[in-house]
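# Summary of structural features
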Amino acid sequence: MKKNKTIPEQIWQFFCSARLAVYTLVILALTSIIGTVVLQNGAEEEYIEFYGHGWYNLIKAFDVDDMYHAWWFLGLIVILCVNIIVCSIERLSTTWKIIFPKKIIFNPDRFRKLKNLEIFPVKKTLLSLSLEVEKLLSKNVGPVLKEETGKSVILYAEKGRWTRMGVYVVHTSLILLLSGALIGSLFGFKANLNLDEGKTLDTAILVENKKPVKLGFSIRCNDFNVKFYDTGAPEEFKSNLTIIEDGKEILTEDILVNHPLTYKGINIFQSSYGSAPPDSVSLEIFGQQDKTALIRTVKIGEEFQLPDEETIFKLEGFLPHFDFNGHDLGQAFIGRIVEKDGKSFQIGLPLKFPTFDKMRKGSFAFVIKEAEQKHYTGLHITKDPGIWYVYAGFILMIIGCWVTFFMAHESYFIEIETTGELSSNLYVSGTSNRNSHGLKIKIRKMCHILKG
Amino acid sequence: MNSSFLLSSTTFIYALATVFYIGSFAFKKQTLSKAGFIVLVIGFLDNSAGIIMRWIESYEMGYGHAPFSNMYESLVFFSWTIAILYIFIELKYKESIIGLFVSPLVFLAIAYASFDPNTSSKISPLLPALKSNWLIAHVITCFLGYAGFAVSFGFSIMYFIKPRNPQSESIFAKLPSWELIDELTYQMVVFGFLFLTIGIITGAVWANSAWGKYWTWDPKETWSLITWLIYAIFMHLRIMRGWSGKSLAYISILGFLAVLFTYFGVNFLLSGLHSYA
Ligand code: HEM
């Protein structure tokens, strides 16, 4: 061992320890708790109200209000990655030699000293036993190596050398997954788009900073439908969308929650919905004096003369919240009546109370017969070029865990020794790079078969 | 016969099995634990029938969804997973005393589901986001993982009550050998870890198909990650640092506390996206 290491060597040593991995994992687990207790991405006032100014400054200093993206948290993750990579490089050459040996060799003395060694006599000749063992090993384990000396035969077989790669697969999958997340956050985006039925838009609003982002194509919402259970809870919502690029309709598809649409790497998710202002209403107009009634469909912005041929009605617009003497009456059309002397006033026609206008006791009353309920569809739009790395990481992690946990590099050693003309002694033992208990059971089983 | 009858009878049958196991242990009667095992298997069959009935009933009500969609259903399923895992272990290792540590967990999970006033056993319709096969895979694998951790928790407790002295007169002297406890604790953690890993992954895939984000750091997700990290630490300590026995049992107990917190604590103490599980 050298005493004076250079600084790069010291850094390499630091990242090359499994102890570091454990410490970093402990710190990650502990600090992750913070973000589940302290509100994330809240407004300044919320923190000040709850924690006071002193604590708020501390929260800000360490980005605790968005801690999973804070420099120190990301730093911990970087340390983990470097740790894994350095450790893997350091061990790879050794592991490689173990996994792909030039020639498989084994040391009989080592196997004779193993704790799981079983010794028992069998009343058979060396030759017939040797054939029997060879068959057993090649069937259950793998190719058999044989060493014969005059009085004894040694047979050796092994399997699962490659499973030693499992750990590397798990660790690689972690790196892959984290790089996928990094690629996604650097080159992808998350945005929202609220699209009224019948409208076409080509720009969404980024979640992060509310800035607009061009999609490179337009989306038209042809139709939106929501179905409810009889309990009133929403059962399903569905938008029929058309993608339009360079003025050409490319494709038309339904999207539902859990069934997004992907076009040119951009994913369109059904995320919410709401009511869009209707653009016309069918009104029944009652004349108070002559008791006449007439039905007419009016568009927003349209004006017309009432049956008295003097008064003019104009449908001015639509409000999501109509305020009447301090009460919120909900969605309402707003109309304006212009009398013949030029005096005008506004009236509100709330959807919830169709006959509301009768209370005004004016010379005409406007009753809502039908207003086409329009919706907007709330789309969540994302681009995530890292997702395939993440998914590949997922698959590799499952495979790697399976190999690491449930498969092993096992070697079996069986020595047959002649003790008489028709009798032999058998020595059976084995090694495994994990799960020695399972191996013991397998060795016992093998002995059981050989005892016949 | 409806599911709520089947599932409430399951609660009592599991309670009976627990009583048998405790009795067998307290009076040192092997026959009682045999009876306990039979009762437990009956409870398990009842439990399975209840889950299937509930599935059928949800179709009859017109909602049609797998019975893994709220707190009640997930607890019932949690009992089921612990029970099946335990039955497997008893058949394989023939150490009925383990049942003393596991049957109470089987009983407690379903009893909590039945008796907690805040847990509604009504079959309710699914919100649109929950209609996904990924969700079913997510719930099943997560709970298999939790069951593995629960059983390994049972084994870890043994480290603290088994007497060191093999000649001890204590009734706990009959617990399985140290070697077997160590082996089974590890095997159960491994089983749990594999399934928790798959559970977190299927959850992420589901979230990505429903909302377009596979990871949002909501408290439930974060706590399941914390649980995962604790067991990853367990594994590295055992494999790389050669830990075993009591010190490792502490980590396994800590891990199970994290499981419980992920499952209950987050719902009651912290707020998040998940409606239940
Ligand atoms: C969570 C992030 C993880 C980090 C930071 C991490 C890091 C490390 C490090 C630095 C080592 C020692 C160096 C080496 O042998 O290559 C190691 C070893 C090991 N890790 Fe991980 N690991 C992680 C996750 C996992 C997972 C999920 C598994 C489960 C399969 C796992 C299984 C192992 C095993 C079995 C070893 C021992 C390797 C051997 O025997 O040669 N690791 N880990």
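Just so it is clear, the model here is predicted, and its values are computed rather than measured.

Each helix and strand in chain B was counted, giving 8 helices and 0 strands. When the helices and strands of chain B are read in sequence order from the N terminus, they spell out α-α-α-α-α-α-α-α. Relative to its length of 277 residues, chain B is compact, with a C-alpha radius of gyration of 19 Å against a globular reference of 19 Å. Along the first, second and third principal axes, the C-alpha atoms of chain B reach 60 × 50 × 30 Å. Looking at chain B residue by residue over its 277 residues, the buried ones come to 62%. The long-range share in chain B, meaning contacts at least 24 apart out of those at least 6 apart in sequence, stands at 78%. Counting only carbon and sulfur atoms, one obtains 69% of the accessible surface of chain B, whose full area is about 11200 Å².

With that settled, consider the overall build of chain A. From N to C terminus, chain A includes 9 helices and 22 strands. In terms of overall size, chain A is more extended than a compact globule, its C-alpha atoms giving a radius of gyration of 39 Å where 452 residues would be expected to give roughly 22 Å. Its C-alpha atoms put chain A at 130 × 60 × 45 Å along the principal axes. Going through the 452 residues of chain A one by one, you find that 41% of them count as buried. The long-range share in chain A, meaning contacts at least 24 apart out of those at least 6 apart in sequence, stands at 56%. For chain A, the accessible area works out to roughly 25800 Å², and carbon and sulfur atoms hold 59% of it.

Next up on the list: the coordination of the iron atom of the ligand. Around the iron atom of the ligand, the protein contributes the donor atoms His171(A) (NE2) and His236(B) (NE2), which lie 1.9 to 2.0 Å from the metal centre. Metal-centred angles of 86 to 179° between the 6 donor atoms at the iron atom of the ligand mark the site as octahedral. Of the two residues, His171(A) sits in helix H7 (residues 166-187) while His236(B) sits in helix H7 (residues 219-239), which places them in two different chains. According to the relative accessible area criterion, His236(B) is partly exposed, its value standing at 24%.

This part takes up the interface of chain A and chain B. Counting residues at the interface gives 49 residues for chain A, matched by 46 residues for chain B. Carbon and sulfur atoms make up 71% of the surface buried where chain A meets chain B, a total of about 4100 Å² over both sides. Connecting chain A to chain B are 1 salt bridge. Between Lys440(A) and Glu179(B) there is a salt bridge, with its nearest N and O atoms 3.0 Å apart. Between the two partners, chain A and chain B, sit 4 residue pairs in polar contact (both at pLDDT 80 or more). Those elements that provide at least two residues to the side of chain A that touches chain B are helix H2 (18-37), helix H4 (71-99), H7, strand S7 (234-245), strand S10 (266-276), strand S20 (374-383), helix H8 (387-406) and helix H9 (436-451) of chain A. Broken down by element, the residue count for the side of chain A that touches chain B peaks at 11 residues, all from H2(A). Tallied by class, residues from the side of chain A that touches chain B come to 28 nonpolar, 12 polar and 9 charged.

Moving on: the site of the ligand. In the vicinity of the ligand there are 20 residues, among which Leu80(A), Arg91(A), His171(A), His236(B) and Met240(B) approach most closely. Near the ligand, the surrounding residues belong to chains A and B. In the model, an oxygen atom of the ligand is placed 2.7 Å from a nitrogen or oxygen of the Arg91(A) side chain. In the model, a nitrogen atom of the ligand is placed 2.8 Å from a nitrogen or oxygen of the His171(A) side chain. Every element with two or more residues in the shell around the ligand is listed here: H2, H4, H7 and H8 of chain A together with H7 of chain B. With 5 residues, the single largest contributor to the shell around the ligand is H4(A).

Turning next to the pattern of salt bridges. The tally for this structure, following the rule as stated, stands at 20 salt bridges over all chains. In this structure, Lys340(A) engages Glu310(A) in a salt bridge whose closest nitrogen and oxygen atoms are separated by 3.8 Å. Of this pair, Lys340(A) sits in the loop between strand S17 (332-338) and strand S18 (344-350) while Glu310(A) sits in the loop between strand S13 (303-305) and strand S14 (312-319); the two residues are 30 residues apart in sequence, bridging distant segments of the chain. The class of Glu310(A) is partly exposed, set by a relative accessible area of 40%. A salt bridge links Arg238(B) to Asp182(B); the nearest nitrogen and oxygen atoms lie 3.4 Å apart. Taken together, the positions of Arg238(B) in helix H7 and Asp182(B) in helix H6 (residues 178-211) put the pair 56 residues apart, joining distant regions of the chain. On the basis of relative accessible area, Arg238(B) is assigned to the partly exposed category, the value being 21%.

Calculation rules
- Residues numbered from 1 in each chain as written.
- Chains lettered and ligands numbered in written order.
- Predicted model: local features only at pLDDT ≥ 70, side-chain atom pairs only at ≥ 80, totals over all residues.
- Heavy atoms only, no water.
- Helix = DSSP H or I, 4+ residues; strand = E, 2+ residues; numbered from the N terminus.
- Rg over C-alpha atoms; globule rule 2.2 N^0.38 Å.
- Buried < 20%, exposed > 50% of the residue type's maximum accessible area, 1.4 Å probe, protein only.
- Contact = heavy atoms within 4.5 Å.
- Areas by Shrake-Rupley, 256 points an atom, 1.4 Å probe, with all protein chains shown as cover.
- Donors = N, O, S within 2.8 Å, 3.2 Å for Na, K, Ca; no water.
- Tetrahedral: all angles 85-135°; square planar, octahedral: opposite > 155°, others 65-115°.
- Buried area = accessible area lost by both parts, 1.4 Å probe.
- Salt bridge = Lys/Arg side-chain N within 4 Å of Asp/Glu carboxyl O.
- Polar contact = N/O pair within 3.5 Å; in protein donor to acceptor, adjacent residues only side chain to side chain.
- Nonpolar A, V, L, I, M, F, W, Y, C, P; charged D, E, K, R; others polar.
- Near = heavy atom within 4 Å.

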